[in-house]
2 protein chains.
Amino acid sequence: MARTKGDHDARRREASEAVWRVLDAHGFGGLTLRAVAAELGATTGLLTHYFPTKRDLVAHALDLLEQRTADRPREVAADGSDALRGTLLAVLPLTTEAATSNRIWVSSWDPALADPGLSRDHARRYGRSRDKLRDLVAAAQERGEIRAGDPADIAAGAESFVLGLVVQALFDPAAFPARRQVALLDDYLRTLSP
Amino acid sequence: MARTKGDHDARRREASEAVWRVLDAHGFGGLTLRAVAAELGATTGLLTHYFPTKRDLVAHALDLLEQRTADRPREVAADGSDALRGTLLAVLPLTTEAATSNRIWVSSWDPALADPGLSRDHARRYGRSRDKLRDLVAAAQERGEIRAGDPADIAAGAESFVLGLVVQALFDPAAFPARRQVALLDDYLRTLSP
């Protein structure tokens, strides 16, 4: 029987789901064709149809991570400094689901740093994230809600603050419950007020 | 011929050097007994004498990383807010050597998050780092150089800021030359003044 395009897409989706479950359980360090095949109940031979090499698998996993993060439901951000706060809060591991995604992001930094192409892709992803923050900062400055200063620098500082908070909260969730993460971010945001 | 303790220590040091070179080149994702054996020009059989399992190898690599970081030459910190600034600057990838060490630290987060025991060890390491910062913050507050506030929270915020700056600078060294990293940290530290 001829395979339809729909079959192919469904199988590819199943493979993606299996990649996600492996990432969730073992991080990028545990992401191998063999682990995904086992998760899928398939042979590695079938899997190489979708991911000819380990690098293809990692690149797919990074795309999947970006897509899942973009699709994560979040409150519609208001304007001004509230939009900035909402965007930064959405980065933090305040829920179990967000912590899973954060944990996979952090784990992606190892393979990404080890490969110049993947590293450039990640640099572009974080660059886009900073650009978005920069625009929010500039808009909040126009409304007089954020102090003067280069919006790109303020954005880079804010991105630094949340990324580092993510790392600390992942390793020590007891020391960084959601309440404390929000309080620390709010302390930080107060330093940006005029 | 009987092997001496000195022989054993020398071989162990050689194995450690090989582990470091593998980490430098490939990160923790590329750290395998086979890769270290190849780097050492030895058999994996010899290597299992030092590292019976992959986990032993990763745990040794994390200890090595901590030791190398502690041994990194740095300026003797002054007291007060200068000591805080010096300690935070020492975390940043301001030199090629520091960037190598940072890159390996960041890459260690993947295997550490995937293993509860290694994760606890990392949580303790970052906890000690925050305790040190907290004491520096408290001392600077007593001198009137840092604003009022819970020194543990100020320390957690400062640690967040530098860790996140490390990640961004590693992915995008062109956007974060040493000069800009220092300027961003100084902007941040100004927000802590009374």
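Residues numbered from 1 in each chain as written. Chains lettered and ligands numbered in written order. Predicted model: local features only at pLDDT ≥ 70, side-chain atom pairs only at ≥ 80, totals over all residues. Heavy atoms only, no water.

1. Brief notes about the UniProt feature "DNA-binding region" (unreviewed entry) in chain A
Part 1 of the argument: Within this structure's numbering, the places UniProt gives as "DNA-binding region" (unreviewed entry) are residues 32-51 of chain A.
Part 2 of the argument: Measuring from the first to the last C-alpha atom of residues 32-51 of chain A gives 11 Å, for a span that is 75% helix and 0% strand. (UniProt positions renumbered as here; feature names shortened; annotations may be inferred. Helix = DSSP H or I, 4+ residues; strand = E, 2+ residues; numbered from the N terminus.)

2. As for the pattern of salt bridges
Part 1 of the argument: Under the criterion given, the structure shown has 28 salt bridges over all chains.
Part 2 of the argument: Between A:Asp153 and B:Arg180 there is a salt bridge, and its shortest N-O distance comes to 2.8 Å. Of the two residues, A:Asp153 sits in helix α8 (residues 151-171) while B:Arg180 sits in helix α9 (residues 178-190), which places them in two different chains.
Part 3 of the argument: For B:Asp135, the salt bridge is made with B:Arg134, and the minimal N-O distance between the two is 3.2 Å.
Part 4 of the argument: For B:Asp135, a relative accessible area of 45% corresponds to the partly exposed category. (Salt bridge = Lys/Arg side-chain N within 4 Å of Asp/Glu carboxyl O. Buried < 20%, exposed > 50% of the residue type's maximum accessible area, 1.4 Å probe, protein only.)

3. What to know about the interface of chain A and chain B
Part 1 of the argument: At the junction of the two partners, chain A supplies 39 residues and chain B supplies 38 residues.
Part 2 of the argument: Of the roughly 3200 Å² buried between chain A and chain B, counting both surfaces, carbon and sulfur atoms make up 62%.
Part 3 of the argument: The largest share of the area that chain A buries against chain B comes from A:Asp110, A:Leu113 and A:Phe171, three residues that together contribute 23% of it.
Part 4 of the argument: Our enumeration of links across chain A and chain B arrives at four salt bridges.
Part 5 of the argument: Listed by contribution, the elements that provide at least two residues to the side of chain A that touches chain B are α6 (96-113), α7 (116-142), α8 and α9 (178-190) of chain A. (Contact = heavy atoms within 4.5 Å. Buried area = accessible area lost by both parts, 1.4 Å probe.)

4. Some remarks on the relation of the copies chain A and chain B
Part 1 of the argument: Laying chain A over chain B is done by rotating through 180 degrees and shifting 0.0 Å along the axis; what remains is an RMSD of 0.0 Å. Those values place the two copies in the arrangement expected of a two-fold rotation axis.
Part 2 of the argument: Counting the interface residues of chain A, we find that 97% of their copies in chain B are interface residues as well, pointing to one common contact surface. (Least-squares fit on C-alpha atoms with pLDDT ≥ 70 in both.)

5. A short note on the nonpolar core
Part 1 of the argument: If you look at the biggest cluster of nonpolar residues, it comprises 116 residues, and the most contacted ones within it are A:Leu31, A:Trp109, B:Leu31 and B:Trp109.
Part 2 of the argument: Once you skip the residues sitting within four places of it in the chain, B:Trp109 turns out to touch A:Val106, A:Trp109, A:Val167, A:Phe171, B:His122, B:Tyr126, B:Leu163 and B:Val167. (Core = buried A, V, L, I, M, F, W, Y, C linked by side-chain atoms within 4.5 Å.)

6. So, the environment of A:Arg125
Part 1 of the argument: When you line up the elements, A:Arg125 lands in helix α7.
Part 2 of the argument: In this structure A:Arg125 touches A:Leu62, A:Asp63, A:Glu66 and A:Trp105, once residues within four positions along its chain are discounted.

7. Concerning helix α6 (residues 96-113) of chain B
Part 1 of the argument: Compared with an ideal rise of 1.5 Å per residue, which puts 18 residues at 26 Å, α6(B) spans 26 Å between its outermost C-alpha atoms and is within 8% of the ideal.
Part 2 of the argument: Where burial is concerned, most of α6(B) is hidden: 14 out of the 18 residues are buried. (Expected span 1.5 Å × (residues − 1).)

8. What about the domain arrangement of chain A?
Residues and elements named next belong to chain A.
Part 1 of the argument: Domain annotation for chain A reports domain 1 (5-68) and domain 2 (73-190).
Part 2 of the argument: With centres defined by C-alpha atoms, the gap from domain 1 to domain 2 works out at 27 Å.
Part 3 of the argument: On the side of domain 2, 14 residues touch domain 1, which itself brings 13 residues to the contact.
Part 4 of the argument: Counting the surface lost from both domain 1 and domain 2, the interface buries some 1200 Å², and carbon and sulfur atoms represent 65% of this.
Part 5 of the argument: The interface formed by domain 1 and domain 2 holds four salt bridges in total.
Part 6 of the argument: Salt-bridge contacts for Asp-115 lead to Arg-55; the nearest nitrogen and oxygen are separated by 2.6 Å.
Part 7 of the argument: For the pair domain 1 and domain 2, the interface holds five residue pairs in polar contact (both at pLDDT 80 or more).
Part 8 of the argument: Sorting the residues of the side of domain 1 that touches domain 2 by element identifies α1 (5-26) and α4 (54-71) as the ones contributing at least two each.
Part 9 of the argument: Take the side of domain 1 that touches domain 2: its biggest share by element is seven residues, from α4.
Part 10 of the argument: Split into classes, the residues belonging to the side of domain 1 that touches domain 2 amount to seven nonpolar, two polar and four charged. (Domains from an automatic or database assignment. Polar contact = N/O pair within 3.5 Å; in protein donor to acceptor, adjacent residues only side chain to side chain. Nonpolar A, V, L, I, M, F, W, Y, C, P; charged D, E, K, R; others polar.)

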